[in-house]
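In case you want the letters, here they are:
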Amino acid sequence: MNKRVTWHSCRMIGRGLTAALLLAAAQTAVAATAVEEASTLLQQGQLDQALKKLDAQLKSQPQDAQARFLRGLVLVRLNRSAEAVKMFADLTRDYPQLPEPYNNLAVLYAQQGDYEKARDALEAALATHPSYATAHENLGDIYAALAGAAYNRALSLDGANQGVRSKLALIGQLDGQGSTSVATAPTISTPPPAAAVPASVPPASTVPAPPPSTPAAAAPTVDAATAASVTSVINAWAAAWSSQDLNAYFATYSPSFVPEGGLGRSAWEAQRRDRISRAKSIQVKALNPVFSRLAADRLSVSFNQSYVSDSFSDSTQKTLELQQAGSSWLIAREYSR
């Protein structure tokens, strides 16, 4: 990932090429600067500014592979998945020797629930780069998801088959939750090694990886008993959502809960009822929770929310703020980032 571009040596013929060489060097420096600046903006969360910077760069150099790859990452962060799919798909067509675009294309396919396409993309990545560890890990997740889907279909046809139930539970344990279905969260790759980009593409510095989204260990200000009590509430919230038990779902929210985005409580409840009831099946998981004390009777918990329905799947970072209510806790605020 830290390799530099090595330009193929070429022989100058005539002094007239000197000016062209200087111009090419200047353009290369500009390209590197543009991508570096866009990378910094991306890591700072200034996604619109990063996109504008990359669009300007690609307008002058449309085949800049580093800029195109980084633009795909920005589109992912902006939740513009269809555009990100096209960006990475175009990169696999133009630069089939680069494994990273295949990997990220697979991640997006997996988020859409199209595990067959995700598998094919990862196998293409490994055909170009057999030692690509991220693609191997993601392919394992995809195979587990495909197996889980097959076992779920078998169970729907023969609900008394305990052997299938055992296999499904075993696969569910791969994500550490012991659940009866698989929630995959393949890993998005950081930009490809510059050395793998053809010499005809202006080189750019390797873009640093985005800061990891996995939280650190729970803050020591939240004792184990409180963390366990809050965890039970979060699990009940996720279970009620998954079973589409709306009464139990809304019971986990405090009467003082105020929805984000300016919605009133009644409008928010009506919106949630419509969205939750519309799905044929839902599975929600709260993974890797991290607790933080806000006040004596208030704390927050941040976690990776895995959502899978019959028509949509998503993984996002969710934070719930909970207010103590007697011996239990209720959700007072909810937001994603």
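As shown above, the structure is provided for reference.
Residues numbered from 1 in each chain as written. Predicted model: local features only at pLDDT ≥ 70, side-chain atom pairs only at ≥ 80, totals over all residues. Heavy atoms only, no water.

Trainee: Tell me about the overall build of the protein chain, and please be specific about residues and values.
Mentor: When its secondary structure is counted, the protein chain shows 11 helices and 4 strands. Looking at the protein chain residue by residue over its 337 residues, the buried ones come to 42%. Across the protein chain, every contact between residues at least 6 apart in sequence was considered, and the portion connecting residues at least 24 apart equals 57%. In the form shown here, the protein chain has an accessible surface area of approximately 17400 Å², with 55% of it arising from carbon and sulfur atoms. (Helix = DSSP H or I, 4+ residues; strand = E, 2+ residues; numbered from the N terminus. Buried < 20%, exposed > 50% of the residue type's maximum accessible area, 1.4 Å probe, protein only. Contact = heavy atoms within 4.5 Å. Areas by Shrake-Rupley, 256 points an atom, 1.4 Å probe, with all protein chains shown as cover.)

Trainee: A description of the pattern of salt bridges should follow, citing residues and the corresponding values.
Mentor: The full count for this structure, using the stated rule, is 13 salt bridges. Between Asp55 and Arg71 there is a salt bridge whose closest N-O contact spans 2.6 Å. Linking Asp55 in helix α2 (residues 47-60) with Arg71 in helix α3 (residues 65-77), this pair joins segments that are 16 residues apart in sequence. Residue Arg71 is classed as buried on the basis of its relative accessible area of 14%. Measuring nitrogen to oxygen at the nearest pair gives 3.1 Å for the salt bridge that ties Arg265 to Glu269. With Arg265 and Glu269 both in helix α11 (residues 265-278) and 4 residues apart, the pair spans about one turn of that helix. Each of the salt bridges in this network shares a partner with another, and the network as a whole consists of Arg68, Lys86, Asp90, Arg93 and Asp94. (Salt bridge = Lys/Arg side-chain N within 4 Å of Asp/Glu carboxyl O.)

Trainee: Describe the pairing of strand β3 (residues 313-325), naming the residues involved and giving the relevant values.
Mentor: The pairing of strand β2 (residues 298-309) with β3 spans 11 bridges and is antiparallel. Counterpart to Ser306 in the pairing with β3 is Ser315. Linkage of β2 to β3, two consecutive antiparallel strands, is achieved through a turn of 3 residues. When β3 meets strand β4 (residues 328-336), the two strands line up antiparallel, connected through 8 bridges. Note that in β4 the partner of Ala325 across the bridge is Ser328. Between β3 and β4, which pair antiparallel one after the other, the connecting turn spans 2 residues, and Gly326 there sits at a positive phi close to 65°. (Pairing = 2+ DSSP bridges.)

Trainee: Before we move on, can you summarise the packing of aromatic side chains with the specific residues and values?
Mentor: As enumerated under the stated definition, the model contains 12 aromatic pairs in all. One aromatic cluster in this structure is built from Trp237, Trp241, Tyr249, Phe250, Tyr253, Phe257, Trp268, Phe303, Tyr307 and Phe312. When the ring centre of Trp241 is taken as reference, the NZ or CZ atom of Arg272 above it lies at 5.0 Å. (Phe/Tyr/Trp six-rings, centres within 6.5 Å; stacked < 30°, edge-to-face > 60°. Lys NZ or Arg CZ within 6 Å of the ring centre and 35° of its normal.)

Trainee: Describe in detail unusual backbone geometry, supporting the description with residues and values.
Mentor: A positive phi is found at Asn79, a non-glycine position, where the angle reads about 60°. With respect to the secondary-structure elements, Asn79 resides in the loop between α3 and α4 (81-94). The exposure class assigned to Asn79 is exposed, which follows from its relative accessible area of 66%. Backbone geometry places Gln244, a non-glycine residue, at a positive phi of 60°. Within the secondary structure, Gln244 is located in the loop between α9 (224-243) and α10 (246-251).

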